[in-house]
Amino acid sequence: MEVKISESWKRVLKDEFEKDYFHNLITFVKKEYKNHTSYPPKNKIFAAFDFCSFEDLKVVIIGQDPYHGYKQANGLCFSVHDKIKHPPSLINIFKELETDLGKPIPKSGNLETWASQGVLLLNATLTVRASEAGSHQKQGWEQFTDAIIQQISNQREEIVFLLWGGFAKKKGSKIDTNKHFVLISGHPSPLSANRGYWFGNKHFSKINDYLKSKGKKEIFW
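Just so you know, these numbers come straight off a predicted model, no measurement behind them.

K.L.:
Before we go on, may I ask you to explain the overall build of the protein in this structure?
P.N.:
Each helix and strand in the protein was counted, giving nine helices and six strands. Rg of the C-alpha trace for the protein: 17 Å, near the compact-globule value of 17 Å for 221 residues, within the 12% margin. The burial tally for the protein puts 52% of its 221 residues in the buried class. Taking the intrachain contacts of the protein between residues at least 6 apart in sequence as the baseline, contacts between residues at least 24 apart amount to 64%. Carbon and sulfur atoms provide 50% of the accessible area of the protein, an area that totals close to 11000 Å². Computed over 32 positive and 24 negative side-chain charges, the separation of the two mean positions in the protein equals 4 Å.

K.L.:
Which parts of the structure should I look at to understand the sheet that holds strand 6 (residues 181-185)?
P.N.:
Across a sheet, strands are paired by hydrogen bonds formed along the backbone, either parallel or antiparallel in direction. Read across the sheet, four strands follow the order 3-2-5-6 without closing on themselves; strand pairing throughout is parallel. Since the sheet does not close on itself, it has two edges, and those belong to strand 3 (119-123) and strand 6, each with one partner. On average, each strand axis in the sheet is tilted by 20° relative to the strand beside it, whichever way the strands run. Bridge count between strand 5 (residues 160-164) and strand 6: five bridges; the pairing is parallel. Within strand 6, the position partnered with Leu 163 by the bridge is Ile 184.

K.L.:
Is there a simple way to think about the nonpolar core in this case?
P.N.:
Across soluble globular proteins, nonpolar side chains show a tendency to be buried alongside one another. Grouped together as the largest cluster of nonpolar side chains are 68 residues, with contacts concentrated most on Trp 9, Phe 49, Ile 61, Trp 114, Leu 120, Phe 144 and Ile 152. The leading source of residues in this core is helix 2 (residues 20-35), at seven residues.

K.L.:
Just checking my understanding: could you explain the pattern of salt bridges for this structure?
P.N.:
With the rule as written, the count across this model stands at seven salt bridges. Of the charged contacts in the structure, one is a salt bridge between Arg 129 and Glu 132, with a shortest N-O distance of 3.6 Å. Using a relative accessible area of 37% as the deciding quantity, one classes Glu 132 as partly exposed. A single salt-bridge network, built from bridges that share partners, covers Glu 32, Arg 129 and Glu 132.

K.L.:
Which parts of the structure should I look at to understand the packing of helix 4 (residues 88-101) against helix 9 (residues 203-213)?
P.N.:
The packing of two helices is summarised by the inter-axis angle and the distance between the axes. Contact geometry of helix 4 with helix 9 gives a least axis separation of 8 Å together with a crossing angle of 60°. Relative to helix 9, helix 4 is oriented oblique. Listed contacts from helix 9 to Ile 93, Glu 96, Leu 97, Asp 100 and Leu 101 of helix 4 are His 203, Phe 204, Ser 205 and Asn 208.

K.L.:
What is the right way to look at the packing of helix 1 (residues 7-17) against helix 6 (residues 141-155) in this model?
P.N.:
Viewed as axis vectors pointing N to C, helix 1 and helix 6 meet at an angle of 130°, and their least axial separation amounts to 11 Å. Classified by the angle between their axes, helix 1 and helix 6 sit oblique to one another. For the element pair helix 1 and helix 6, the recorded crossing hand is right-handed. Where helix 1 abuts helix 6, its residues Trp 9, Val 12, Leu 13, Glu 16 and Phe 17 lie against Gln 143, Phe 144, Ala 147, Ile 148, Gln 151, Ile 152 and Gln 155. In the contact of helix 1 with helix 6, the residues fall into eight nonpolar, three polar and one charged.

K.L.:
For this particular structure, what's the right way to read unusual backbone geometry?
P.N.:
Outside of glycine, negative phi angles account for most residues, and trans bonds account for most peptide bonds. Each neighbour pair has its own omega, and for Tyr 39 with Pro 40 the value is -5°, a cis peptide bond. Take Pro 40: it is sitting in the loop between strand 1 (38-39) and helix 3 (47-51). Even without being a glycine, Lys 83 presents a positive backbone phi close to 70°. With respect to the helices, strands and loops of the structure, Lys 83 is situated in the loop between strand 2 (59-63) and helix 4. For Glu 158, which is not glycine, the phi torsion reads 60° and is therefore positive.

The rules we used
- Residues numbered from 1 in each chain as written.
- Predicted model: local features only at pLDDT ≥ 70, side-chain atom pairs only at ≥ 80, totals over all residues.
- Heavy atoms only, no water.
- Helix = DSSP H or I, 4+ residues; strand = E, 2+ residues; numbered from the N terminus.
- Rg over C-alpha atoms; globule rule 2.2 N^0.38 Å.
- Buried < 20%, exposed > 50% of the residue type's maximum accessible area, 1.4 Å probe, protein only.
- Contact = heavy atoms within 4.5 Å.
- Areas by Shrake-Rupley, 256 points an atom, 1.4 Å probe, with all protein chains shown as cover.
- Lys, Arg positive; Asp, Glu negative; His and termini not counted.
- Charge placed at Lys NZ, Arg CZ, Asp CG, Glu CD.
- Pairing = 2+ DSSP bridges.
- Axes fitted to C-alpha atoms, helices over the stretch in contact; angles between N-to-C directions.
- Core = buried A, V, L, I, M, F, W, Y, C linked by side-chain atoms within 4.5 Å.
- Salt bridge = Lys/Arg side-chain N within 4 Å of Asp/Glu carboxyl O.
- Parallel < 35°, antiparallel > 145°, perpendicular 65-115°, else oblique.
- Left-handed = near helix turned anticlockwise from the far one by under 90°.
- Nonpolar A, V, L, I, M, F, W, Y, C, P; charged D, E, K, R; others polar.

In structure tokens form, the structure reads like this:
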């Protein structure tokens, strides 16, 4: 079936688009967007792939669900549209970034600048019904994003994977750690961060140190 996704990813995922589960998933998503307010906007569902080609990929950050609040989700995990208040997890990400690299907390929570540098901001589930967290889970998105992670692990080398929290850790369980650099910590949500599982992980500097060691351009976070 035809999916509006960047050509580099379309080549990698073309077999996935023809599977029965994916056809059923798209039918479900179309029905949800027709009958309910759902996020992100339809033209942003695959935004994470539009900003970051398969060939230019350097870093993968794995999230769970899109934000389900009004105009928050923009298709990139942890990211929000410009002029939208920073959600708690994003605030903690920026706090760690400030401590780690000395970067001031930005006014905008839009992470498109990260994505355009080769950071795939991948939610496990790419859509959600407004105000109903987890409402589009177990419809096929998880199988699709598992396939994405597997293809990256199989076809690329020296990719940095960030597994923040137990969900992401399970999601990344099949990553080939002999080929890739995997960083694990608690989730940046207040529940985890306030228990000491997030702050101080220094993941941003560790990513850039690794990229530099491989002769790759560092990320300007």
